[in-house]
Amino acid sequence: MKKMKRFELFLALGFFALMGLLLLLEAGSSLESGFSDFLMRLRGPRKVGSQSVVVQVDDISMEIMGKKWPWPRSLFALALSRMASENPALIAFDFAFSGATTQAEDGELKRALSGAAIPVVAGMGFYDRVSEEKTEGKEALFVHSGVDLPYFEEMLPGFLNIPVDEDGKIRRVRLFREHQGQMYLSFAARIYAELKKWDIPAMNKDESGERLLPVCLSRHEPMLINYAGPPGTFSTV
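Rules behind the numbers
Residues numbered from 1 in each chain as written. Predicted model: local features only at pLDDT ≥ 70, side-chain atom pairs only at ≥ 80, totals over all residues. Heavy atoms only, no water. Helix = DSSP H or I, 4+ residues; strand = E, 2+ residues; numbered from the N terminus. Buried < 20%, exposed > 50% of the residue type's maximum accessible area, 1.4 Å probe, protein only. Contact = heavy atoms within 4.5 Å. Polar contact = N/O pair within 3.5 Å; in protein donor to acceptor, adjacent residues only side chain to side chain. Patch = residues over 30% accessible without salt bridge, like charges linked within 9 Å, V, L, I, M, F, W, Y side chains within 5 Å. Areas by Shrake-Rupley, 256 points an atom, 1.4 Å probe, with all protein chains shown as cover. Salt bridge = Lys/Arg side-chain N within 4 Å of Asp/Glu carboxyl O. pLDDT = per-residue confidence, 0-100. Axes fitted to C-alpha atoms, helices over the stretch in contact; angles between N-to-C directions. Parallel < 35°, antiparallel > 145°, perpendicular 65-115°, else oblique. Left-handed = near helix turned anticlockwise from the far one by under 90°. Nonpolar A, V, L, I, M, F, W, Y, C, P; charged D, E, K, R; others polar.

### Quick look at the overall build of the protein chain
Next up, step 1: Looking only at helices and strands, the protein chain has 7 helices and 10 strands in total.
Next up, step 2: Looking at the protein chain as a whole, 27% of its 237 residues are labelled buried.
Next up, step 3: Once local pairs closer than 6 in sequence are excluded, the contacts in the protein chain between residues at least 24 apart make up 63%.

### What about the environment of aspartate 58?
Next up, step 1: Within the secondary structure, aspartate 58 is located in the loop between β1 (53–54) and α3 (59–64).
Next up, step 2: According to the relative accessible area criterion, aspartate 58 is partly exposed, its value standing at 28%.
Next up, step 3: Considered as a pair, aspartate 58 and valine 237 are 179 residues apart in the sequence and their alpha carbons are 9.7 Å apart.
Next up, step 4: A polar atom in the side chain of aspartate 58 sits 2.6 Å from the side chain of serine 61.

### Considerations on a nonpolar patch on the surface
Next up, step 1: Nonpolar side chains collect at one region of the surface, where Ile162, Val164, Ile170 and Tyr227 lie side by side and expose about 330 Å² of accessible area between them.
Next up, step 2: The residue isoleucine 170 is located in the loop between β5 (156–159) and β6 (172–173) in this model.

### Points about the pattern of salt bridges
Next up, step 1: Throughout the structure, instances matching the rule amount to 8 salt bridges.
Next up, step 2: Where arginine 171 meets aspartate 165, a salt bridge forms, and the shortest distance between an N and an O atom there is 2.8 Å. Accessibility classification places arginine 171 together with aspartate 165 in one group, the buried group.
Next up, step 3: Among the ionic contacts, a cluster of salt bridges with common partners joins Asp37, Asp165, Asp167, Arg171 and Arg172.

### Examining the confidence of the model for the protein chain
Next up, step 1: With 77% of its residues at a pLDDT of 70 or more, the protein chain shows a mean pLDDT of 81.
Next up, step 2: Of all secondary-structure elements in the protein chain, the lowest mean pLDDT belongs to helix α1 (residues 2–24), at 57, while helix α5 (residues 103–115) reaches the highest, 96.

### Some thoughts on the packing of helix α4 (residues 73–84) against α5
Next up, step 1: Running from N to C, α4 and α5 point in directions that differ by 15°, and their axes come no closer than 7 Å. On the basis of their axis angle, the class for α4 and α5 is roughly parallel. Here the hand of the crossing between α4 and α5 comes out left-handed. Two secondary-structure elements touch here, α4 through Arg73, Ser74, Phe76, Ala77, Leu80 and Ser81 and α5 through Glu105, Asp106, Glu108, Leu109, Ala112 and Leu113.
Next up, step 2: Taken together, the residues that form the contact of α4 with α5 break down as 6 nonpolar, 2 polar and 4 charged.

Here it is in structure tokens:
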């Protein structure tokens, strides 16, 4: 009788634990994604050092600039010069500076980049563009794939294409992608590579059929992001 009561108690506890877990899984999340979120919340924010500082473009910044975007490149040039004066190990812009604007604006940013004696990482992206063309006298749709690299050669590119889960959350990232035989690192991986002094040109050698990478990077599957914590975990200004 006592054994039956214990069994029923454990069964009830297991049921309530499962229900609690299911309640923690947000609507729209798959079981795998929801369980990953649960483990992340269970772990809690990690302690981070003060070496990384996020300079945030927030609502106040947008109000000051009259909610106009993109901002003039001379403003980024000023920000770059001020940040470089603090002697950081690296500066990374989570923006894509693709294409030219005006000669004056581009010249300001190019001079600031030339004057910065540190690596400057900027965003790039992969794209698929659909065009309607004639072939054999008939209209057909063609998909053209390519890359949008930073306009300035002084900027070190890292791609910003990140897969989004069905519930609108970002949990995974590809650390590198290949396009026409060239390997491109993600934005985060490029920052890490520059800080760790990876030999990036050597990574593109493919003599043995394997990339010469200092860490194990999956060719096909995105990796789960080990978030340090919610927004604000790192020092933000």
